[in-house]
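One-letter residues, chain by chain:
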Amino acid sequence: MVHFIGAGPGAPDLITVRGLRLIERCPVCLYAGSLVPAEVVAAAPAGARVLDTAPMTLDEIMAEIGRAIGEGKEVARVHSGDPSLYGAVAEQIRRLRAAGIAYDITPGVPAFAAAAAALGRELTIPEVSQTVILTRTAMKSSAMPAGEDLPTLAQSRALLVIHLSVRNLLEVERQLSPAYGADCPVIVAYRVGWPDEAYIRGTLADIREKVRAAKITRTALIFVGRALSDADFRDSALYDAAHVHVLRPKRKAPG
């Protein structure tokens, strides 16, 4: 069995209990060392084979997994954040299926959720934004599918969380400003969950210069949307006294 494990965004104590228990018992641990803290994989059992996959190719990673499975060993395959988002697990899973190797996935805390917590914010604000879009831009990686370009997504006016794009802020500004406005709030979250995490606040008009001044060039998320402002908004219906539901039926008037 191969266990894909989301280690969370950086802080060692943000891994799930299930994920940590799997690491503690697996005799082979492959982890993305550029983004997974060493403290997480230090929980591997004594004598475990622990390998940083950052310098490895997909073929080399799969060879290590195949060797371990052939020896009857469980494998902890540890990725940063949550494996469902930009984790490059799909191609590994495809090969495992072809080889008839069983696997499971343990979710992790995604960086955008950890950033929202650190900022003390809810991302879905009543009558301001009820949709969060997780996306990226095309730079040196694979091209974006048709219809997923920023100008198209911008038509929703939803809160955007843009991954892997901090070096592409000029295009982010150019492509989003017509729909969101140059004054739209932007927060760039750098190294979320790590000791040196930082949050740069600005607008579409000035965020690029602020990020350049901070010398941030990688490992950052870009949040764009009106939900990031401190403007007034209505309370949600969830706890409204006038909103009745099966768990809070209409109360009879006193007397």
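Please read these numbers as outputs of a predicted model, since none were measured by experiment.

Rules behind the numbers
Residues numbered from 1 in each chain as written. Predicted model: local features only at pLDDT ≥ 70, side-chain atom pairs only at ≥ 80, totals over all residues. Heavy atoms only, no water. Core = buried A, V, L, I, M, F, W, Y, C linked by side-chain atoms within 4.5 Å. Buried < 20%, exposed > 50% of the residue type's maximum accessible area, 1.4 Å probe, protein only. Helix = DSSP H or I, 4+ residues; strand = E, 2+ residues; numbered from the N terminus. Contact = heavy atoms within 4.5 Å. Phe/Tyr/Trp six-rings, centres within 6.5 Å; stacked < 30°, edge-to-face > 60°. Lys NZ or Arg CZ within 6 Å of the ring centre and 35° of its normal. Pairing = 2+ DSSP bridges. Axes fitted to C-alpha atoms, helices over the stretch in contact; angles between N-to-C directions.

Undergrad: A description of the nonpolar core should follow, citing residues and the corresponding values.
TA: Counting residues in each nonpolar core, the largest one holds 23 residues, and the members touching the most others are Leu160, Leu176 and Val224. Counting residues per element, this core draws most heavily on helix 7 (residues 169-180), at four residues. Setting aside its immediate chain neighbours within four residues, Leu160 contacts Ile133, Leu150, Leu153, Leu176, Tyr180, Ile222, Phe223 and Val224.

Undergrad: Summarise the packing of aromatic side chains; cite the residues concerned and give the values.
TA: How two aromatic rings sit relative to each other is given by the distance of their centres and the angle of their planes. Enumeration over the complete set of coordinates arrives at one aromatic pair. Taking 6.1 Å as the distance between ring centres and 80° as the angle between the ring planes, the aromatic pair formed by Phe4 and Tyr103 counts as edge-to-face. Of this pair, Phe4 sits in strand 1 (residues 2-6) while Tyr103 sits in strand 5 (residues 103-106), and the two are 99 residues apart along the sequence. A cation over an aromatic ring shows up here: Arg191 above the ring of Trp194, its NZ or CZ 4.3 Å from the ring centre.

Undergrad: Summarise the sheet that holds strand 5; cite the residues concerned and give the values.
TA: The pairing of strands in a sheet comes from backbone hydrogen bonds and takes either a parallel or an antiparallel form. Pairing within the open sheet is parallel, and its five strands lie in the order 3-2-4-1-5. A strand with exactly one partner marks an edge of an open sheet, and here the two such strands are strand 3 (49-52) and strand 5. With direction set aside, neighbouring strand axes in the sheet form an average angle of 15°. Pairing between strand 1 and strand 4 (residues 75-79): five bridges, direction parallel. Within strand 4, the residue paired with His3 across the bridge is Ala76.

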